[in-house]
Amino acid sequence: MFTIMAPVGVARLRARLFLLFLCLTLRAGMHQLATATIQGYIGDRDMICPSVCRCDEDFIYCNDRGLSFIPSLPPSASVLYLQNNQINNPGLPTSLERQLAIRVVYLYDNELDEFPVHLPPSIRELHLQDNNIRTIPRSALARMPLLEKLHLDDNSISTVSIEDQAFADNPRLRLLFLSRNHLSSIPSGLPASLEELRLDDNRISTIPTHAFRGLASLRCLVLDGNLLANQRIADDTFSRLSNLSELSLVRNSLQTPPVYLPSAHLQRLSLQENALTHMPRGSLDGMRRLLRLDLSGNNLTTLPRGLFKDLDSLGQLLVRGNPWHCGCNLRWLYDWLHARGNSITVRGLTCHGPDRVRDMALIDLGSEMEECEVVRTAGTRDRVGGGGVDSATTHTPPQGSLFTLRSKRPGLGLPDSGLDYTLSSSGVGKSLALNVKPVSHNSVRVTWSVAQPSSSFRLSWLRLGTGSTMGSITETLVPGDRREYFLNFLQPRSSYIICMVPLATSSESKGGISGDPDSDEAHVCAKAETSDLNPLEEEENEDSKHMTVLALAGIIGGATIIVSLALIFCIFCWYGHRTGHLCSRDHYTRSNSRKTYDDYIESGTKKDNTILEIRSPGFQMTPMTACPPMQPKPLREDYIIHTIFPSNGTGVYKGDNHVSNAGHGTNRGYREGGIPDVDYCYT
């Protein structure tokens, strides 16, 4: 029997051991499950989004909430949208420094008075525009060594409020916006890593030589809306920016483009809304990568030949808002645009003069531009034919047919108008002999001869005045194959100083002609005096003046008569309307009947002479029977309008449940309260 029970005991032992193992395994599984549940709960607690914000993974949207402080944020937050709130500097918690996952912070349009100091060091992009920040301390920026983009537009930052070397601890800063602040100069100590700098709409008036020193990586520079002028910009200011690809100088006071602009990588040049009157030849040389040129809103009348010789990549030319003079001076531009075809887009190249081509596009002046060649050929044929040219020749080229510029050029070397000139009607230099001769009261013939050929000549003339100031100088370029020029439309009985200088090309610079047109040795000047008007012309001028005066007097007299008649007619109508015999709009008589109609009959309402009452609370009208009739058959009746108030004490446009003032329940109550009835009458 013992042998029989032994296997049974072993089986029970095995069963117990199996149950024990199963219990231990189940307990271990439950422990792991509990641990995982607790960890998941803790993780969910870490990802709790602030109740006033909206979270999308690591993007936290707390903008436009009216917040005055920054709420607690989850540790995983990387982009914070806190703009358009009322957050001030005390509203930035110190715990924000421990949010090491934050990369971008939007804090614009808040109430910050100082630069925030409790921002995490992991920030790459910071938006602080449209606050009231006044200073930029170095210590605050040193807390963000990884900062790459800083927006400080629309604040109250001045040049002196930027601490010296404020950006020295930000070696990765690539973008700095300081638009619409109170800067009077370029901030110093800018990091060498800077690629885009915006300083538009400030008070910057001077740019010294060292302003952009060390900014070799700068690619975009915006200086719009400042007080810049040519005299206050150092010559080599922009030449240091070798990698600059975009330069914007809009809304300043420039008369010419700044000299020595960087040309190697420049792609966009904006000079609109300045005071440009002249584009010097060579100011755009070397800009072979330029894609967009904007010269709109200036005072340009012409462009010198060869200005666009290196602009092979130019795709947009914006020149609207300039008084372009579309003569032969722009023939080269006409040919250049036709040669480029559809590869360039031109906006605003519309002629302002002469009158025959006004409001026409330069590109459409086909026949007008062909005339330039006809005039040039005809003038050459007359010169080849030999002999002098008579002053009455029909082939006299018009004044200013080529490049013409009115400006004051100190380098021209003209003598001072206040001195006693000893110049004669001819002048002789080393390589040029000049002769001037008046041919009429308003024209002078200029002839010259040169020792060696020249590509062109620069002809300048100045009218001498009675004061000590020098007047406006007029210049024109004359082709090198010409030997005479007529100055037309001059002032009679005036003295003119006329100067000429040969312009040498690069190939001729080694020859005998001086290569410096502004040198004193190259200029040759002569003096000419226009004659008086002859008696016949004076008589014609007097007749024309008298005719003009008579015509003007006739116009003024006719206008006076018309105004007087209109005034008399208006007075007559007004008087008739007042007496009721004319211009009456209240009574009229039909042509086939003597029955009198009035407004009541026309509106379909039968008039009752006793009372006209509105059924709802409003007004009643009773005739004034006590008034004696003014006429046997009165044309009008006078009425007194009384306010009708309901007996229950409610006023007009008041509900039954409205309790009004007992003193104002009746008409008498309104009168006793000092309130006129008309103030409480509504229709």
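Residues numbered from 1 in each chain as written. Predicted model: local features only at pLDDT ≥ 70, side-chain atom pairs only at ≥ 80, totals over all residues. Heavy atoms only, no water.

*Asks:* Give a description of the overall build of the protein that names residues and reports values.
*Replies:* The helix and strand inventory of the protein stands at 7 helices and 30 strands. The burial tally for the protein puts 37% of its 683 residues in the buried class. For the protein, restricting intrachain contacts to residue pairs at least 6 apart in sequence, the fraction spanning at least 24 positions comes to 55%. In the form shown here, the protein has an accessible surface area of approximately 39500 Å², with 54% of it arising from carbon and sulfur atoms. (Helix = DSSP H or I, 4+ residues; strand = E, 2+ residues; numbered from the N terminus. Buried < 20%, exposed > 50% of the residue type's maximum accessible area, 1.4 Å probe, protein only. Contact = heavy atoms within 4.5 Å. Areas by Shrake-Rupley, 256 points an atom, 1.4 Å probe, with all protein chains shown as cover.)

*Asks:* Could you give me a rundown of the state of the cysteines, with the residues and numbers involved?
*Replies:* Note on terminology: disulfide describes a covalent bond linking the sulfur atoms of two cysteines. Scanning the entire structure with this criterion turns up 4 disulfides. Across the disulfide from Cys53 sits Cys62; the S-S distance is 1.9 Å. Disulfide Cys53-Cys62: the torsion about the S-S bond is 110°, which places it as right-handed. With a sulfur-sulfur separation of 2.0 Å, Cys326 is cross-linked through a disulfide to Cys351. Across the disulfide from Cys326 to Cys351, rotation about the S-S bond amounts to roughly -100°, and the bridge is consequently left-handed. Of this pair, Cys326 sits in the loop between β14 (324-325) and α3 (331-340) while Cys351 sits in strand β16 (residues 351-353); the two residues are 25 residues apart in sequence, bridging distant segments of the chain. Of the two residues, Cys326 and Cys351, both sit in the buried class. (Disulfide = S-S within 2.5 Å.)

*Asks:* Outline the environment of Pro258, listing residues and values.
*Replies:* Note that Pro258 resides in the loop between β10 (246-248) and β11 (268-270). Between the alpha carbons of Pro258 and Ser283 there is a distance of 8.2 Å; along the sequence they are 25 residues apart. For Pro258, the residues in contact, after removing those within four places along its chain, are Asn230, Phe238 and Leu249.

*Asks:* Break down the nonpolar core for me, with residues and values.
*Replies:* One broad rule of soluble globular proteins: the nonpolar side chains tend to lie buried together. Membership of the largest hydrophobic core comes to 94 residues, with the highest contact counts inside it found for Phe212, Leu223, Phe238 and Phe308. Those elements giving two or more residues to this core turn out to be α2 (138-142), α3 and α4 (366-384). Among the elements that line this core, the one with the most residues is α3, at 5 residues. Beyond its immediate chain neighbours, meaning those up to four positions away, Phe238 contacts Ile207, Phe212, Leu221, Leu223, Ile233, Leu247, Leu249, Pro258, Tyr260, Leu261 and Pro262. In this structure, Val444, Leu487, Tyr496 and Ala526 belong to the second largest nonpolar core, which totals 19 residues. (Core = buried A, V, L, I, M, F, W, Y, C linked by side-chain atoms within 4.5 Å.)

Limitation: the analysis is restricted to geometry and does not speak to function.
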